[in-house]
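Residue-level structural notes
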Amino acid sequence: MNVIEEVVEILDLLYKHGWDERNGGNLSYIVTREEVSEVTNPDIVSRTFKYNCDMTDLIGKYFVITASGSYFKNMVKASEENLGILKVLDKNTLGLVWGYSSGAHPTSEAPTHLRCHIERLKVDKESRLVIHCHTTNIICMTHICPLDSKFFTETLWKMQTESIVVFPEGVAVLPWILCGGDLIGIETAKLMSEYRSVVWAQHGLFATGKSLDEVFGLIETIEKAAEIYMKICDKKIMQSISNDNLKEIAVAFNINYRKGIID
Ligand code: 2HA
Ligand code: ZN
């Protein structure tokens, strides 16, 4: 499979899980020149897009980025319309080398994605992927829980044994902020220096990582924990995972979990 086929497979799965209705969600994925060459000539730029965010750290890199207004539902049948491959040409410019065949441009969240990549690459040189999606139960939690990273982290860790193994750094939470703008991008990117996932209140999730499988798995695990929470939050609890249980998991799996949550 080439990178476009790999990305389409994940976007289709996100759609089928119900996390990307209509034009909800977006993705950006760093791909190598060799991977781009399997799809198109990496040196022919057909259009450019200007941004006022500073992309100096990303110059020369290629990205697969979902199109503005694209429906994940349609990715399999119309990937060339709904996806683009772009090269960071200079500090403020993306150049299109493939895709957006109906004249589209990158997702409105592109500057947020690029800011997140810059922060993640500072702490993890192998980081490649940012996915934004509208995970139902995480959104539910932001209506009824305190919008506090510590609360979300502890609660999600305690919903199932796997949580602390999959996201030992926890999850960060932002209050409601207008999407598509600079402020939400700057605030999300700041949190990305410590977290791979950031919850947007009443909106969804931003998740990052090294590979399509890793990030999809992170989203699935966080959303599964949130689903369990939503199913039991109004029930009488007979027993749950204790702080000591979590510490036992951490020792057994050699997990360096975020301190200050359960200790
Ligand atoms: O692309 O999800 O946050 C549509 C969105 C904006
Ligand atoms: Zn969204």
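Residues numbered from 1 in each chain as written. Chains lettered and ligands numbered in written order. Predicted model: local features only at pLDDT ≥ 70, side-chain atom pairs only at ≥ 80, totals over all residues. Heavy atoms only, no water.

Remarks on the site of ligand 1
Around ligand 1, the structure places Asn23, Gly24, Gly25, Asn26, Glu109, His132, His134 and His203. In this structure, Asn23 approaches ligand 1 through a main-chain N or O atom, which is 3.2 Å from an oxygen atom. Between ligand 1 and Glu109 there is a distance of 2.7 Å, counted from an oxygen atom to a side-chain nitrogen or oxygen. Coverage of ligand 1 by the protein amounts to 87% of the 220 Å² it exposes when considered alone. Within the shell around ligand 1, the residues separate by chemical class into no nonpolar, seven polar and one charged. (Near = heavy atom within 4 Å. Polar contact = N/O pair within 3.5 Å; in protein donor to acceptor, adjacent residues only side chain to side chain. Areas by Shrake-Rupley, 256 points an atom, 1.4 Å probe, with all protein chains shown as cover. Nonpolar A, V, L, I, M, F, W, Y, C, P; charged D, E, K, R; others polar.)

Here's the deal with the coordination of the zinc ion (ligand 2)
The coordination sphere of the zinc ion (ligand 2) contains the protein donors His132 (NE2), His134 (NE2) and His203 (NE2), at a distance range of 2.0 to 2.1 Å. Summarised as a motif, the one-chain spacing of the donors to the zinc ion (ligand 2) is H-x1-H-x68-H. Taken together, the positions of His134 in the loop between β6 (129-133) and α5 (136-144) and His203 in the loop between β8 (197-200) and β9 (204-209) put the pair 69 residues apart, joining distant regions of the chain. The same class applies to His134 and to His203, which are both buried. (Donors = N, O, S within 2.8 Å, 3.2 Å for Na, K, Ca; no water. Helix = DSSP H or I, 4+ residues; strand = E, 2+ residues; numbered from the N terminus. Buried < 20%, exposed > 50% of the residue type's maximum accessible area, 1.4 Å probe, protein only.)

Remarks on the packing of α5 against helix α9 (residues 212-232)
Where α5 contacts α9, the axes come no closer than 7 Å and their chain directions differ by 50°. One finds that α5 runs oblique with respect to α9. Crossing geometry of α5 relative to α9 is assigned as left-handed. Residues Thr136, Asn137, Ile138, Cys140, Met141 and Ile144 of α5 lie in contact with α9, whose contacting residues are Ile222, Glu223, Ala226, Glu227, Tyr229 and Met230. Tallied by class, the residues present in the contact of α5 with α9 amount to eight nonpolar, two polar and two charged. (Axes fitted to C-alpha atoms, helices over the stretch in contact; angles between N-to-C directions. Parallel < 35°, antiparallel > 145°, perpendicular 65-115°, else oblique. Left-handed = near helix turned anticlockwise from the far one by under 90°. Contact = heavy atoms within 4.5 Å.)

Focus on unusual backbone geometry
The phi angle of most residues is negative, glycine excepted, and most peptide bonds adopt the trans form. For Arg22, which is not glycine, the phi dihedral falls at a positive 45°. The class for Arg22 is exposed, based on a relative accessible area of 54%. Unusually for a residue other than glycine, Gln202 sits at a positive phi of about 55°.

Focus: the sheet that holds strand β7 (residues 172-174)
By definition, the strands of a sheet pair up through backbone hydrogen bonds, in either a parallel or an antiparallel sense. The sheet built from nine strands is open, its strands ordered β2-β5-β4-β3-β1-β6-β9-β8-β7 with mixed pairing. The strands lining the two open edges of the sheet, one partner per strand, are β2 (47-50) and β7. Recorded for the sheet is a direction-independent mean angle of 25° between the axes of neighbouring strands. Note that strand β1 (residues 26-31) and strand β3 (residues 62-66) share four bridges and pair antiparallel. Among the inter-strand pairings, Val31 is bridged to a residue of β3, identified as Tyr62. Packed on one face of the sheet, α9 meets β1, β6, β8 and β9 and runs near 145° to β9. (Pairing = 2+ DSSP bridges.)

Here's the deal with the pattern of salt bridges
Under the definition given, this model contains 13 salt bridges. As a salt-bridge pair, Glu119 and Lys122 come within 3.1 Å of each other at their nearest N and O atoms. Pair noted here: Glu119 and Lys122 are both in helix α4 (residues 110-123), with a separation of three residues, about one helical turn. You can call Lys122 exposed: its relative accessible area is 54%. We note a salt bridge from Glu227 to Lys231, for which the minimum N-O separation is 2.8 Å. Note that Glu227 and Lys231 are positioned in helix α9 at a spacing of four residues, about one turn of the helix. Relative accessible area serves as the criterion here: at 52%, Lys231 is assigned to the exposed category. Overlapping salt bridges, with partners in common, bring together Glu169, Arg196 and Glu214 in one network. (Salt bridge = Lys/Arg side-chain N within 4 Å of Asp/Glu carboxyl O.)

Concerning the packing of aromatic side chains
Counted according to the given criterion, the structure contains five aromatic pairs. Measuring from centroid to centroid gives 6.2 Å for Phe49 and Tyr100, while their planes differ by 75°, and the two rings are edge-to-face. A residue pair is termed long-range when its members are at least 10 positions apart, and Phe49 in strand β2 and Tyr100 in the loop between β5 (93-99) and α4 qualify at 51 residues. The same class applies to Phe49 and to Tyr100, which are both buried. Plain terms: the ring middles of Phe151 and Phe152 are 6.3 Å apart, the flat faces sit at 70° to each other, and that makes the pair edge-to-face. The exposure class of Phe152 is buried, given its relative accessible area of 0%. We note Lys259 situated over the ring of Tyr257; from NZ or CZ to the ring centre the distance is 3.7 Å. (Phe/Tyr/Trp six-rings, centres within 6.5 Å; stacked < 30°, edge-to-face > 60°. Lys NZ or Arg CZ within 6 Å of the ring centre and 35° of its normal.)

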